Amino acid sequence: MSEITGKTIAELRDGIRGGHFSAREVAEAYNAAVAAARLLNAYTVETPEDALAAADAADKARGSGELASLAGIPLGIKDLFATKGVNTTAGSKILKDFKPPYESTVTANLRKAGAGMLGKLNMDEFAMGSSNETSTYGPVISPWRRQGSNVGLTPGGSSGGSAAAVAASIAPGVTGTDTGGSIRQPASFVGISGIKPTYGRCSRWGIVSFASSLDQAGPMAKSVRDCAILLEAMAGFDPKDPTSLAAPVPKWEAGLSSDLRGKRVGIPKEYRIDGVPGEIDAHWEQGIEWLKDAGATPVEISLPHTKYALPTYYIIAPAEASSNLARYDGVRYGLREVPEGGNLDAMYAATRAEGFGAEVKRRIMIGTYVLSAGFYDAYFTKAQKVRALIKQDFRKAFERCDIILTPTAPSAAFGIGETTDPLAMYLNDVFAVPASLAGLPAMSVPGGLDGQGLPLGLHLIGNELDEQGVLNAGLAIEERAGFTARPERWW
Ligand code: GLN
């Protein structure tokens, strides 16, 4: 790791502004690091020229006045974000070679802030997964390894390439998306920070849709401050997204404070679930102690519908996905399979059979089943009602507390190929999904290592629009955890 790639975004920004190094030097260091880390399979496309062009623009602007907030900072972009003229495939064969003629609002915002792009990041197909094993490009390999073992581990998912890139210092920061945990669980697995803002903070325009009522973009980076800097650039009202929030974007970085005096931290008793390793519980206790040390008072809270969150998610998300994915028909985008002598229906069927992977097909089948005439009320309508109750749980809880602390995931990273049962895979998001269903901001920050030397994350859930509260509690943990562990380089 060069001196430059070891730095945070805040340090890079300040270094470029202060003339300690040029933006070109930063882009060159990262381009070289990306090219030297292909074994991780984190990037699906590399765009070194893009990073260099933004760097040169920043170096030029430095001489002539004000620099934008991310001037010359090169970022990795999850392959779910449409990037004009650059492959955008959502990790799926069905979008193979798709080059959008437009740019997503979030990446356009990052560009406006002066950022460049290092490349597109590998991910689970259509963001469905918790291990990055469903990608058409093959799994991402986590830079982390268990102590004394060289078994390949997953970086989590679906933003697995994003997580691995930050942990391996082949991007100082990245975009991720989170429908039911896909920013937070991978951040936890690789020892970095990641925040999913309130639903509607970041425009979904130009992000390939998975489950539209849940999908949110957010940043992943080495520090809480870096997440604040990135989120500030990504967020904002967008008339092109009808679910975009017409709320001003706060100055989250300037508002950072780890003084939590007077704050109440809710500890939900329903999150103490059977089968979770003792280490996860102990880590959670440690987190409570850190927040107390920062001045906060812990209070026990109840989120009684927590146990229904995962089944509710696995009805609503596939239902929306089955509808969103109906557009991949071989006519408008990407792959087209035309069987000899086949008619239009045969083309649809062949294209979808060939283009979608097993997990995506499973979700489409579950989704169409729960939406079918005979089962709609039993499953979909019921799930919507439970979702309303889950939201209500949080509303009541936030009358008694300001922030909620839980573990991010029920385990540390697992090995590639180790989790084959889909239900076991779905369990990864047991702590992450309730906040998604309620549309609340939530963040994972690294707290320490488990007995095998793998990172564990702590999870903070905030009230609607209170990203500042989430970031501040994250900062309080970050300062006390002093988490500086980095994977030893083997790639
Ligand atoms: N792992 C969850 C799923 O597979 C969440 C994915 C996500 O947040 N995109 O649906």
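Read on for a plain summary of the structure. (Residues numbered from 1 in each chain as written. Predicted model: local features only at pLDDT ≥ 70, side-chain atom pairs only at ≥ 80, totals over all residues. Heavy atoms only, no water.)

### As for the overall build of the protein
Next, step 1: Within the protein, the secondary structure is distributed over 15 helices and eleven strands.
Next, step 2: Against the 2.2 N^0.38 benchmark of 23 Å for 491 residues, the protein shows a C-alpha radius of gyration of 21 Å, consistent with a compact globule.
Next, step 3: Expressed along its principal axes, the backbone C-alpha trace of the protein runs to roughly 65 × 55 × 50 Å.
Next, step 4: Burial status across the protein gives 61% buried among its 491 residues.
Next, step 5: Summarising the internal contacts of the protein: among those between residues at least 6 apart in sequence, 76% fall at separations of at least 24.
Next, step 6: In the form shown here, the protein has an accessible surface area of approximately 18200 Å², with 53% of it arising from carbon and sulfur atoms. (Helix = DSSP H or I, 4+ residues; strand = E, 2+ residues; numbered from the N terminus. Rg over C-alpha atoms; globule rule 2.2 N^0.38 Å. Buried < 20%, exposed > 50% of the residue type's maximum accessible area, 1.4 Å probe, protein only. Contact = heavy atoms within 4.5 Å. Areas by Shrake-Rupley, 256 points an atom, 1.4 Å probe, with all protein chains shown as cover.)

### Regarding the pairing of strand β6 (residues 216–221)
Next, step 1: With respect to burial, β6 is a largely interior element, six of its six residues being buried.
Next, step 2: What you see with β6 is no split at all: Gln-216, Gly-218 and Met-220 on one side and Ala-217, Pro-219 and Ala-221 on the other are buried throughout.
Next, step 3: Relative to β6, strand β4 (residues 173–178) runs antiparallel, the two being bridged by six bridges. Counted as the bridge partner of Asp-178 is Gln-216 from β6.
Next, step 4: Bridging between strand β5 (residues 193–196) and β6 involves two bridges; their strand directions are antiparallel. Opposite Gly-194, over in β6, you have Met-220 as the bridge partner. (Pairing = 2+ DSSP bridges.)

### A short note on the site of the ligand
Next, step 1: The immediate surroundings of the ligand are formed by 15 residues, with Gly-180, Ser-182, Tyr-313, Arg-363 and Asp-429 found nearest.
Next, step 2: The backbone of Gly-180 places a nitrogen or oxygen atom 2.7 Å from an oxygen atom of the ligand.
Next, step 3: Within the contact set of the ligand, an oxygen atom lies 3.3 Å away from a backbone nitrogen or oxygen of Gly-181.
Next, step 4: Relative to its unbound accessible surface of 290 Å², the ligand loses 100% to contact with the protein.
Next, step 5: Its residues assigned to classes, the shell around the ligand shows five nonpolar, seven polar and three charged. (Near = heavy atom within 4 Å. Polar contact = N/O pair within 3.5 Å; in protein donor to acceptor, adjacent residues only side chain to side chain. Nonpolar A, V, L, I, M, F, W, Y, C, P; charged D, E, K, R; others polar.)

### Here's the deal with the pattern of salt bridges
Next, step 1: In this structure the tally under the stated criterion is 25 salt bridges.
Next, step 2: Asp-293 is the partner of Arg-480 in a salt bridge, and the nearest nitrogen-oxygen pair spans 2.6 Å. Placement of Arg-480 in helix α15 (residues 467–481) and of Asp-293 in helix α8 (residues 278–293) is noted, with a sequence separation of 187 residues between them.
Next, step 3: Note that Glu-479 and Arg-480 form a salt bridge whose closest N and O atoms lie 4.0 Å from each other.
Next, step 4: Owing to a relative accessible area of 49%, Glu-479 belongs among the partly exposed residues under this scheme.
Next, step 5: Here Arg-480 falls in the partly exposed class, since its relative accessible area comes to 26%.
Next, step 6: Residues joined by salt bridges that share partners form a network here, namely Arg-13, Asp-14, Arg-225 and Glu-253. (Salt bridge = Lys/Arg side-chain N within 4 Å of Asp/Glu carboxyl O.)

### Regarding the pairing of strand β3 (residues 116–121)
Next, step 1: The buried count for β3 comes to six of six residues, which makes it a mostly enclosed element.
Next, step 2: Looking at chain direction, strand β1 (residues 43–46) and β3 are connected through three bridges and run antiparallel. When the bridges of β3 are listed, Tyr-43 appears paired with Leu-121.
Next, step 3: Bridge count between strand β2 (residues 74–78) and β3: five bridges; the pairing is parallel. Among the inter-strand pairings, Gly-76 is bridged to a residue of β3, identified as Gly-119.
Next, step 4: Handedness of the crossover joining β2 and β3 through helix α4 (residues 105–112) is recorded here as right-handed. (Right-handed = clockwise from strand over helix to strand, strands pointing away.)

### Side note on the packing of aromatic side chains
Next, step 1: What the rule picks out here adds up to 15 aromatic pairs.
Next, step 2: Measuring from ring centre to ring centre gives 5.1 Å for Phe-126 and Tyr-328, while their planes differ by 50 degrees; the resulting arrangement is tilted. Residue Phe-126 is located in the loop between β3 and α5 (160–167), and its partner Tyr-328 is located in the loop between α9 (309–324) and α10 (344–355); the two are separated by 202 residues in the primary sequence. Considered together, Phe-126 and Tyr-328 belong to a single accessibility category, that of buried residues. (Phe/Tyr/Trp six-rings, centres within 6.5 Å; stacked < 30°, edge-to-face > 60°.)

### Quick notes on unusual backbone geometry
Next, step 1: In the segment running from Gly-157 into Ser-158, the intervening peptide bond is cis, with an omega of 5 degrees.
Next, step 2: Following the sequence through the fold, Ser-158 ends up in the loop between β3 and α5.
Next, step 3: Of note, Ala-90 is a non-glycine position whose phi angle comes to about 55 degrees, a positive value.
Next, step 4: In this structure, Ala-90 sits in the loop between β2 and α4.
Next, step 5: In the Ramachandran plot, Asp-97 falls in the positive-phi region, its phi being about 65 degrees despite a non-glycine side chain.

### A short note on the layout of surface pockets
Here the idea is plain: a probe the size of a water molecule rolls over the atoms and shows the empty space left.
Next, step 1: Size it by volume and the largest pocket reaches roughly 280 Å³.
Next, step 2: Taken together, 14 residues line the largest pocket, and the ones lying closest to its centre are Lys-222, Ser-223, Phe-483, Thr-484 and Arg-486.
Next, step 3: Class assignment for the residues of the lining of the largest pocket results in three nonpolar, eight polar and three charged. (1 Å grid on protein atoms, 1.4 Å probe; cavity = no way out; pocket = protein on both sides within 12 Å on 5 of 7 lines; lining within 4 Å. Points joined across faces, edges and corners; volume = space filled by probe spheres on them.)

### Observations concerning the environment of Pro-74
Next, step 1: Position of Pro-74 among the secondary structure elements: in strand β2.
Next, step 2: For Pro-74, a relative accessible area of 1% translates into the label buried.
Next, step 3: Excluding residues within four positions of it along the chain, Pro-74 makes contact with Val-26, Ala-27, Tyr-30, Ala-51, Gly-116, Leu-118 and Pro-172.

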